[in-house]
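# Tertiary structure, described
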Amino acid sequence: MALDTDTRDQLIETVRRFVIERLRPLEAQVAEDDAIPDALVDEMRELGLFGLSVPEAYGGLGLGMEDECLVALELGRTSPAFRSAFGTNVGIGSQGLIMHGTPEQKARWLPGIACGEIVTSFALTEPEAGSDSASVQTRARLDGDGYVLNGSKRYITNADKAHLFTVMARTGDAPGAKGVSAFLVPRDSPGLSVGKPERKMGQHGAHVCDVIFEDVRVPAENRLGEEGQGFKIAMQVLDRGRLHISAVCVGLAERLIADCVAYAQERRQFGSAIADLQLVQAMIADSKTEALAARALALETARRRDAGENVTLEAASSKLFASEMVGRVADRAVQIHGGAGYMTEYGVERFYRDVRLFRIYEGSSQIQQLVIARETLKRGG
Ligand code: CAA
């Protein structure tokens, strides 16, 4: 549901202020510590950020996709690790439940997810099932009135903080996508363990871990949708997630462009501010143009999704374009800052590393190309 204009503007202004006053001053510290202070996460809970997309009936803000993207644009203007703290609750960790949960499942978990008491996580990827997610090997064997899960998941965002996992596992003998089902698995289920956070190139403060299932019993009422529907549920969740990530990429690009403008106006070479040099201006112009195009594509796709259209193709296009775009913008940002861009002190090199992930997670650029090509061929142009 779309918010009325006043409420939407107020929410965006609140998030903008939170980003400027509370998050930006902590960017370097969070990267250094690889941890977000608990008190700051509590502030995020109080602001309602964990429940942005949870329907109002369950205590969330119930944002439509366009409004969520507008908020994600603001959140993009700082280190992406901050958004990750509640990103799984807004997107991949909760959307399976929101879109396919039974009334009982929703009543049990959504109120806790909305207020951030329950942190969620999405367990699809495995050591042997990355881009080829239909090949998951984690098994869910039917046993009496429930299932027994065995297997392992890899690079699972927020696994170390999560209370509830949406897990894709193989039921029955059907091969590929048709044999996959989705389950809601509480963190405290006996036999479920979480590995140590991986050391990463960037986005420090956001954690990914292995999740291991050893004879984990899951009651049948925790299955999401029908047996065999799990892959489609995961794809629908990702369609939506890819759009959200596009908006984050645009926000980050806008942040970097603003940083470049400030630096270029202050830094003097050849007797003038480097902002007066046309080759520097060309880099700023290219970044601005690409960011505007990515913004328009993301918001138009979000509006079409809100209107009920299937936007698999457009969401993939948006993710492809926005994630590649922010990579180029970050590269130019380092270039405009020159030697300073390569130094830790200025933070530009940190963003350069942070944005690299956008071209990989929630489907690599090559997977987006595959989805776009398949859909275009299917639609006949
Ligand atoms: N919506 C609904 N249904 C969909 C769908 C969608 N977007 N995409 C596919 N399906 C359906 C198909 O229609 C098909 O159904 P039928 O059999 O009834 O026709 C079924 O699902 C299988 O589809 P495909 O034949 O297209 O499946 P595929 O094996 O060829 O794979 C893929 C498709 C696009 C490559 C897919 O595997 C994919 O997106 N891979 C990338 C995975 C990915 O994004 N992983 C990210 C993990 S999460 C993450 O990164 C976040 C984090 O925090 C780290």
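Residues numbered from 1 in each chain as written. Predicted model: local features only at pLDDT ≥ 70, side-chain atom pairs only at ≥ 80, totals over all residues. Heavy atoms only, no water.

## Comments concerning the site of the ligand
In the neighbourhood of the ligand, 25 residues make up the surrounding shell, with T157, K178, K232, E362 and R374 lying closest. S133 places a polar side-chain atom, nitrogen or oxygen, 2.9 Å from an oxygen atom of the ligand. At the level of elements, strand 3 (146-157), helix 8 (230-266) and helix 13 (365-379) are the ones that each hand at least two residues to the shell around the ligand. At seven residues, helix 8 tops the list of elements feeding residues into the shell around the ligand. In terms of residue class, the shell around the ligand is made up of 11 nonpolar, eight polar and six charged. Taken domain by domain, the makeup of the shell around the ligand includes at least three residues from each of domain 2 (120-228) and domain 3 (232-379). (Near = heavy atom within 4 Å. Polar contact = N/O pair within 3.5 Å; in protein donor to acceptor, adjacent residues only side chain to side chain. Helix = DSSP H or I, 4+ residues; strand = E, 2+ residues; numbered from the N terminus. Nonpolar A, V, L, I, M, F, W, Y, C, P; charged D, E, K, R; others polar. Domains from an automatic or database assignment.)

## Observations concerning unusual backbone geometry
Of note in this structure, Q203 is not a glycine but carries a positive phi near 50°. Tracing the backbone shows Q203 in the loop between strand 6 (192-194) and strand 7 (208-219). Its relative accessible area of 3% is what places Q203 among the buried residues. Even without a glycine there, the phi angle at E362 is positive, about 50°. Inspection of the secondary structure assignment puts E362 in the loop between helix 12 (348-354) and helix 13. (Buried < 20%, exposed > 50% of the residue type's maximum accessible area, 1.4 Å probe, protein only.)

## Here we look at the domain arrangement of the chain
Taken domain by domain, the chain consists of domain 1 (5-115), domain 2 (120-228) and domain 3 (232-379). Taking only C-alpha atoms, the centre of domain 1 and the centre of domain 2 are 23 Å apart. Taken residue by residue, the interface counts 22 residues in domain 1 and 19 residues in domain 2. When the buried surface of domain 1 facing domain 2 is broken down by residue, D34, Q105 and W109 rank first, second and third, together holding 30% of it. For the pair domain 1 and domain 2, the interface holds 10 residue pairs in polar contact (both at pLDDT 80 or more). For the side of domain 1 that touches domain 2, the elements supplying multiple residues, two or more each, are helix 2 (27-33), helix 5 (80-90), helix 6 (95-100) and helix 7 (103-115). If you tally residues by element for the side of domain 1 that touches domain 2, the top one is helix 5, at six residues. When the residues that make up the side of domain 1 that touches domain 2 are grouped by side-chain class, the tally is 11 nonpolar, nine polar and two charged. (Contact = heavy atoms within 4.5 Å. Buried area = accessible area lost by both parts, 1.4 Å probe.)

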